Structure formats: C-alpha cells, structure tokens
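Geometric and topological summary
Residue strings, one per chain:
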Amino acid sequence: MKPISAYVGLTAIAAGVALSVLDWTAALSVPSGHLAGFFTLLALGLLSETLSVRTAVGDSESNFSITFIPLLTGALLFGPETAVVLFFVVGAAAEFLIHDKPVQKATFNTAQYVVSSFVGGAVYAAVISRLTDSSGGATLLVDGLGIWAATVGVLAFGLTFLIMNHAMVAGAIAISRGVPFRRTWSELSGPSASNILVDLLVSPVALAVGLLYREMEFHALGLVIVLFPMLFVRHFYQINYR
C-alpha cells in the first residue's frame, strides 16, 4: 500500500469515528422556526465552494474558499454538533460534485473537514463551558450566549479548524510529493495560498452574522444579504493573489 493511501485511509477512519461518537440528537436539533436559516447556511456554504479559487501549491493544486465562515455561523446559532454536519454535507458535495475530484482526494478532503470541525467543535464546547455555566454547547439562539463568550468560542473553533485543516492537507501533500512537511506547510500559508492569520481575522464575521440573526430577527433573507457581499469580496481577493 502506498503511503498516501494509508494516510487517506487513516484520515477516513478518524472521520468515521468522529461521526460515530457525534451527538446526533444535538446535531439535528435545529429549532423548527429556524430551519430556513439552517438550509440557507448550507446553501451559502455550497455557494462559497463554487466561488473558490484554485491555487498552485508547489506541484499540486488546491481550492481555497471561505466555506468555514457560514459554517462557523452555524456553530454559533445551532451548536458545534450541527456545525460538524454542515461541514460534512458541504465538504462531500463540494469534493465529489462541485469540484468532481478523484475519489481518493475527495475522500481525504471530506474526511479532514469532518475531523477538523469535530475537534474544533470540541474545543469550542470546552471554551464555552469554562466561560459560562452551560455544558459547552450553548448557542446564540437557544441559550442567549454572551458576546464575550461567543467571540472567544468562535475564535477557538476557527483557529483549531484552520490549523488542523492546513496541517492535514500539508501532510497529504508532503507524503504524496516526498518532501518535508515544513515545506508544504510554508507553501500553504504563503501569500499566494490560504493564510491562517487572514482567515482567522475573518472568523468574527460569523459572530456578527449570528448576532444580527438573533438580535434583529434576521432569518434566511438576512443571512443572504449579509453573507453574499462577503463571499464575493473574498473571491476577488483570492483572485488577486493567485
């Protein structure tokens, strides 16, 4: 078995374990009055994938988008478990259908989305439980999560997700190309590729959208109005750095 095949297999197994231990009751417990908001976030996640930019990383190519922004909003509104489901559905649809990638690459990318979001959600829950009296799954909608706790939580989720995402992809590229991990990590974080710091600084947009949704009773239309400009700005920003 080739090293890259073993790596993809282990990543897929890790994703399977994550999905098997996920609290599906919490993940699917979207308030009935907010189902439109849930599906709008799902649609915006898919839209951001269609706007992703293909960028060269050494001898390989990767797609960069801001899919994690609407999906982070999902974590704040509906909980970290629901965010894992959003990442899984959007990731699978993007890899197998929108980008039509080879099975091995699509499987790996989908699996690493699940693992990264699962760990990010766990960190989010741990941070929220330390800052509030909740069990860690507090949301803006149901539990009235405060701005401070929500800000720290979304940054913790975002940073964890981005670091794991970059690390797992860099590992796959390093193994497939037979080059040091440090080299591929540097290429992924360079000015012509996705930058962790820039993406992290964009993460609070998810909090702003979530607060507008809660405080101003914005629903599906409100999410579209707020997120559409952000998606297109990011799209053109990435094009300028191809």
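One structure accompanies this document, and this report is about it. Note that the structure is a prediction, hence the values are computed from the model and not measured.

A separate point is the overall build of the chain. On a plain count of helices and strands, the chain comes out with 11 helices and two strands. Taking all 242 residues of the chain together, 50% fall into the buried category. Restricting the contact set of the chain to residue pairs at least 6 apart, pairs at least 24 apart contribute 71%. Carbon together with sulfur atoms contributes 67% to the accessible area of the chain, which is approximately 10900 Å² in total.

Under the defined criterion, the tally for this structure stands at seven aromatic pairs. With a centroid separation of 4.7 Å and an interplanar angle of 35°, the aromatic rings of Phe-87 and Phe-161 are classed as tilted. Of this pair, Phe-87 sits in helix α5 (residues 80–98) while Phe-161 sits in helix α7 (residues 147–177), placing them 74 residues apart in sequence. Assessed through its relative accessible area of 3%, Phe-87 is described here as buried.

On to the environment of Phe-78. Tracing the sequence through the fold places Phe-78 in helix α4 (residues 68–78). Each C-alpha atom of the pair Phe-78 and Leu-28 lies 9.0 Å from the other, and the pair is 50 residues apart in sequence.

Taking 1.5 Å of rise per residue, 19 residues should cover 27 Å, and α5 covers 25 Å from first to last C-alpha, within 8% of that figure. Regarding α5, the residues found buried are Pro-80, Thr-82, Ala-83, Val-84, Val-85, Leu-86, Phe-87, Val-90, Gly-91, Ala-93, Ala-94 and Glu-95. Next to the buried residues of α5 lie α1 (3–21), α2 (24–27), α3 (35–50), α4, α6 (103–131) and α7. Where α5 ends, the next residue or the one after it, Asp-100, has phi of about 50°, a positive value.

With that out of the way, let us pick up the nonpolar core. Inside soluble globular proteins, nonpolar side chains tend to come together where they are buried. With 38 residues, the main nonpolar core has Phe-68, Leu-76, Leu-140, Leu-145, Phe-157 and Phe-161 as its most contacted residues. Of all the secondary structure elements, the ones that give two or more residues to this core are α3, α4, α5, α6, α7, α9 (196–202) and α10 (204–215). When residues no more than four places from it in sequence are discounted, the contact partners of Phe-68 are Phe-87, Phe-161, Leu-162, Asp-199 and Ser-203. Membership of the second largest hydrophobic core comes to 20 residues, among which are Ala-18, Leu-19, Phe-108 and Leu-188.

What follows is about the packing of α7 against helix α8 (residues 181–188). For the pair α7 and α8, the least separation of the axes is 8 Å and the interaxial angle reads 125°. The angle between α7 and α8 places the two elements in the oblique class. Once α7 is placed against α8, the crossing between them reads as right-handed. Two secondary-structure elements touch here, α7 through Ile-163, His-166, Ala-167, Val-169, Ala-170, Gly-171, Ile-173, Ala-174 and Arg-177 and α8 through Phe-181, Arg-183, Thr-184, Trp-185, Glu-187 and Leu-188. Residues that form the contact of α7 with α8 fall into these classes: nine nonpolar, three polar and three charged.

For Ile-98, the position within the fold is in helix α5. Ile-98 gets classed as partly exposed once you look at its relative accessible area, which sits at 35%. Between the C-alpha atom of Ile-98 and that of Thr-50, which follows or precedes it by 48 residues, the distance is 6.8 Å. In contact with Ile-98, other than residues within four places in its own chain, are Leu-46, Glu-49, Thr-50 and Ala-93.

Attention now moves to the side chain of Thr-40. When you line up the elements, Thr-40 lands in helix α3. With relative accessibility at 12%, the residue Thr-40 sits in the buried group.

Procedures and definitions
Residues numbered from 1 in each chain as written. Predicted model: local features only at pLDDT ≥ 70, side-chain atom pairs only at ≥ 80, totals over all residues. Heavy atoms only, no water. Helix = DSSP H or I, 4+ residues; strand = E, 2+ residues; numbered from the N terminus. Buried < 20%, exposed > 50% of the residue type's maximum accessible area, 1.4 Å probe, protein only. Contact = heavy atoms within 4.5 Å. Areas by Shrake-Rupley, 256 points an atom, 1.4 Å probe, with all protein chains shown as cover. Phe/Tyr/Trp six-rings, centres within 6.5 Å; stacked < 30°, edge-to-face > 60°. Expected span 1.5 Å × (residues − 1). Core = buried A, V, L, I, M, F, W, Y, C linked by side-chain atoms within 4.5 Å. Axes fitted to C-alpha atoms, helices over the stretch in contact; angles between N-to-C directions. Parallel < 35°, antiparallel > 145°, perpendicular 65-115°, else oblique. Left-handed = near helix turned anticlockwise from the far one by under 90°. Nonpolar A, V, L, I, M, F, W, Y, C, P; charged D, E, K, R; others polar.

Take it as geometry only, folks, not as evidence of what the structure does.
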